[in-house]
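The lines below spell out each chain.
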Amino acid sequence: MTSSRQFDFDIAVVGFGPVGAVAACLLGQQGRRVLVVERDREIFPMPRAIVLDDETMRLFRTMGLSEQIAPFVTPIRTVEFTDPLGSRLVGYDVPADVPKPNGVFPNYFFHQPSVDAVLRDAVGRLETVDVALATELVGLEQVDGGFEVTLTSGRDARRVVSARYVLGCDGARSTVRTLLGIPTRSLGYDRRWLVVDAESREGHDAGGRVSQICDPQRRATVIKAERAHLRWEFQLADDESSDDAVRPEFVWRLLEPWVSPDQAVLVRAAAYRFHSTFADRWCTGGVFLLGDAAHQMPPFMGQGMCTGLRDAANLCWKLGKVLDGLARPDLLETYAQERVPHARDMVEWSVEVGQLIDAFAAKVAGDGRPLEALNQSSGYGAGRELAAVEGAMFDRSANHRLVGRTAPFLGVPDGRSLDDLQARSFAIVRRSDAAGAQWTSRRLGPDVVEVAIPEDGWAELERLAGSPVGGALLVRPDRLVCAIGEPAELLARLGRWMPGAIRAPAEPETPTPKTKPPTKGEDHGQSNCPVP
């Protein structure tokens, strides 16, 4: 439903952790009027999340933040399961020439407080984004075409603002989720672990190693992360209290096989419950849950934060297209349709890795089964890959693995990339028919570009895709391939989803433009956004 009401903001983002900051940045770069609400004044000073994957690094690149984040990341080069003495049971050493379909190494360790600072600085430079720190959300009321958001920043400081949409990026104890009365359900993994971070006094090789120690007496994870950062995670016994577990004397007893107090400085020790939980609904009206507000998983795959950033990347371009009048509001229904099953697969995969650690520990304890008898399909280096995104926007008739996954990252001879040519638009990416052709691009409508790739570039695309590609690609603004086929068919398919994207006639082919100015349009109404 279209509303004539004027709102203070297009979008209110509740929570200014990595997911909220990325959402605010993506929306602010579109020129949206955004309010960010964060209960804390300062960035949390301790490292929590520790892994970024290649899709996340590519997202940071599209946001223009690669150079700022680069000093705080280290490639992960070894992932393994070991026995208590450190002998490898199974594992994987990532070769230097590993395929890089997203243009970077598959996974990285990172220092979260530093990356959080980069993200907040990027948001702070956006003129259309307001940030309210030390401010809490205390009320959320639906009004005609949007929401009234009640905020408090002190004992008496209370104000009400209005927004078309609200994004709940406020973590596992989400106030947004609570105000909406949305329950969560467990997927079966719930155990207490102790997380210990330390800084090496001597430094260590930046090898980027994660080892799952399959000890029958105490499961553990040992991580050599970025710079001199060391992390351990220890499963706690039922009779070990969380208060006792964080005492320095208890911690140093656990660390004794690896490091002593004269070799490292403790940064923190915190007891956590490693959960696998899911919100029953991810969106209602015009309110959306993202990140830990929607899903939580054990850390064995390092995908908790990455999954939340995928939520933001999926939703923010859709909000922009609806607000610009290029798409109908029902486009927003695809957020939950696409993200719920994909995130659930990642939660379940993370749980399966935890179960595999248990199975290896039982094997070490002598349960009699040969190592080969264990189901290792979820283990590191076993060949399992992220699930393809499913949903109504994806046409799988071409029967190619690229559909529902990110399009290969390709460099252009002039130093730019296919991502740069696409910018925030849809793209039809095709092989050039002309002999000796160069990279060219042209705009086919207000929100779609066509990029023609010469033969050598197409060969590289197919190498990264892992198999021949028998048609042009229709690539969404979040870089997911949603169909493969003839360009005219792809354009017609896009028009059915987003009539405004192709309403203008195609322009003659011209040299590739360096930038695409944002397109503004009328605001449209909200989606009911049912979860499938």
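In the block above lies the structure referred to throughout.
Residues numbered from 1 in each chain as written. Predicted model: local features only at pLDDT ≥ 70, side-chain atom pairs only at ≥ 80, totals over all residues. Heavy atoms only, no water.

Visitor: Explanation requested: the pattern of salt bridges in the structure shown.
Guide: Should their charged atoms come close, side chains of opposite charge can pair. Applying the stated criterion across every chain, the model contains 37 salt bridges. A salt bridge links R218 to E240; its shortest N-O distance comes to 2.8 Å. Of this pair, R218 sits in the loop between β13 (209-213) and β14 (220-224) while E240 sits in the loop between β15 (229-235) and α6 (242-245), placing them 22 residues apart in sequence. For the pair shown, R218 and E240 are each scored as buried. Two residues, D414 and R416, come together in a salt bridge whose shortest N-O distance is 2.5 Å. Assessed through its relative accessible area of 47%, D414 is described here as partly exposed. (Salt bridge = Lys/Arg side-chain N within 4 Å of Asp/Glu carboxyl O. Helix = DSSP H or I, 4+ residues; strand = E, 2+ residues; numbered from the N terminus. Buried < 20%, exposed > 50% of the residue type's maximum accessible area, 1.4 Å probe, protein only.)

Visitor: Sorry, what's going on with helix α8 (residues 304-323) here?
Guide: In an α-helix, one turn spans 3.6 residues; hence positions three or four apart end up facing the same way. End to end, α8 covers 29 Å across 20 residues, agreeing with the expected 28 Å (1.5 Å per residue, within 8%). In terms of burial, α8 is largely enclosed, as 19 of its 20 residues are buried. Backbone geometry just downstream of α8 places G325 in the positive-phi region, at approximately 80°. (Expected span 1.5 Å × (residues − 1).)

Visitor: What exactly am I supposed to notice about the packing of aromatic side chains here?
Guide: Aromatic rings in a pair are described by how distant their centres are and how their planes are angled relative to each other. Going through the model one piece at a time under the given rule, you end up with 13 aromatic pairs. Site record: aromatic cluster; members linked through ring pairs are Y165, F278, W282, F288 and Y335. (Phe/Tyr/Trp six-rings, centres within 6.5 Å; stacked < 30°, edge-to-face > 60°.)

Visitor: Looking at this structure, I do not really get helix α2 (residues 54-62). What am I missing?
Guide: Within α2, the full set of buried residues consists of D54, T56, M57, R58, L59 and F60. The opening residue of α2 is D53, an N-cap whose side-chain oxygen sits 3.3 Å from the backbone nitrogen of E55. Just past α2, the residue G64 takes up positive phi, approximately 80°. (Polar contact = N/O pair within 3.5 Å; in protein donor to acceptor, adjacent residues only side chain to side chain.)

Visitor: Looking at this model, I keep getting lost on the nonpolar core. Mind explaining?
Guide: One recurring pattern in soluble globular proteins: nonpolar side chains tend to sit buried together. Counting 149 residues, the largest nonpolar core has F60, L167 and F288 as its most contacted members. A total of 14 residues in this core trace back to one element, the largest contributor, which is helix α9 (residues 334-364). Ignoring any residue separated from it by four or fewer positions in sequence, one finds F60 in contact with V22, L52, L65, S66, I69, V115, L119 and L309. Grouped together as the second largest cluster of nonpolar side chains are 18 residues, I213, F250, W252 and V259 included. (Core = buried A, V, L, I, M, F, W, Y, C linked by side-chain atoms within 4.5 Å. Contact = heavy atoms within 4.5 Å.)

Visitor: Before we go on, may I ask you to explain the pairing of strand β23 (residues 472-475) in this structure?
Guide: One face of the sheet, then the other: side chains in a regular strand alternate in exactly this way. Burial of the side chains of β23 extends over both faces: A472 and L474 are buried on one face and L473 and V475 on the other. Pairing between strand β20 (residues 426-431) and β23: three bridges, direction antiparallel. Across the sheet, I428 pairs through a bridge with L474, a residue of β23. Pairing between β23 and strand β24 (residues 481-485): four bridges, direction antiparallel. By the bridge assignment for β24, V475 is matched with V481. Connecting the antiparallel pair β23 and β24 is a turn made up of five residues, with R479 showing a positive phi of about 75°. (Pairing = 2+ DSSP bridges.)

Visitor: Which parts of the structure should I look at to understand the packing of α8 against α9?
Guide: How two helices sit against one another is set out by the angle between their axes and by the gap between those axes. The N-to-C vectors of α8 and α9 enclose an angle of 170°; their axes lie 10 Å apart at closest approach. On the basis of their axis angle, the class for α8 and α9 is roughly antiparallel. As α8 runs across α9, the sense of the crossing is right-handed. Contacts between α8 and α9 involve T307, R310, D311, N314, L315 and K318 on the former and, on the latter, T334, Y335, E338, R339, H342, A343 and M346. Here the contact of α8 with α9 is built from residues that sort into four nonpolar, four polar and five charged. (Axes fitted to C-alpha atoms, helices over the stretch in contact; angles between N-to-C directions. Parallel < 35°, antiparallel > 145°, perpendicular 65-115°, else oblique. Left-handed = near helix turned anticlockwise from the far one by under 90°. Nonpolar A, V, L, I, M, F, W, Y, C, P; charged D, E, K, R; others polar.)

Visitor: Help me understand unusual backbone geometry, please; the structure alone is not making it clear to me.
Guide: Negative phi is the rule for most residues except glycine; trans is the rule for most peptide bonds. Positive phi outside glycine occurs at N399, with the angle close to 55°. Relative to the elements of secondary structure, N399 occurs in the loop between α9 and α10 (418-422). Taking relative accessible area as the criterion, N399 reaches 72% and is therefore assigned exposed. Here the phi dihedral of R479 falls at roughly 75°; this positive angle occurs in a residue that is not glycine.

Visitor: Whenever I open this one, the sheet that holds strand β16 (residues 264-279) confuses me. Can you help?
Guide: Across a sheet, paired strands are connected by hydrogen bonds in the backbone, their directions being either parallel or antiparallel. Taken together, the eight strands give an open sheet; going across it, the order is β6-β5-β13-β14-β15-β12-β16-β19, and neighbouring strands pair in mixed fashion. This sheet does not close on itself; its edge strands, each paired only once, are β6 (88-93) and β19 (295-296). One ladder, built from five bridges, connects β14 with β15; its direction is antiparallel. Bridge pairing in β15 places A220 opposite F234. Where α9 meets the sheet, its contacts fall on β5 (78-82), β6, β12 (184-200), β13, β16 and β19, and the angle it forms with β12 comes to roughly 70°.

Visitor: Got a minute to help me understand the pairing of β15 in this structure?
Guide: Burial analysis of β15 places seven of its seven residues in the buried class, the great majority of the element. Burial of the side chains of β15 extends over both faces: H229, R231, E233 and Q235 are buried on one face and L230, W232 and F234 on the other. Across seven bridges, β12 lies against β15 in antiparallel orientation. Bridging across to β15, L194 finds its partner in F234. Where β14 hands over to β15, the hairpin turn is made up of four residues, of which R227 adopts a positive phi near 50°.

Visitor: Looking at this model, I keep getting lost on the state of the cysteines. Mind explaining?
Guide: Applying the stated criterion to the full structure yields zero disulfides. This cysteine, C169, is not joined by any disulfide, and C316 carries the nearest cysteine sulfur, 7.7 Å off. You can call C169 buried: its relative accessible area is 9%. (Disulfide = S-S within 2.5 Å.)

Visitor: Would you mind going over the environment of A225 with me for this structure?
Guide: Take A225: it is sitting in the loop between β14 and β15. For the pair A225 and I50, spaced 175 residues apart in sequence, the C-alpha separation works out to 7.9 Å.

Geometry only, nothing functional implied.
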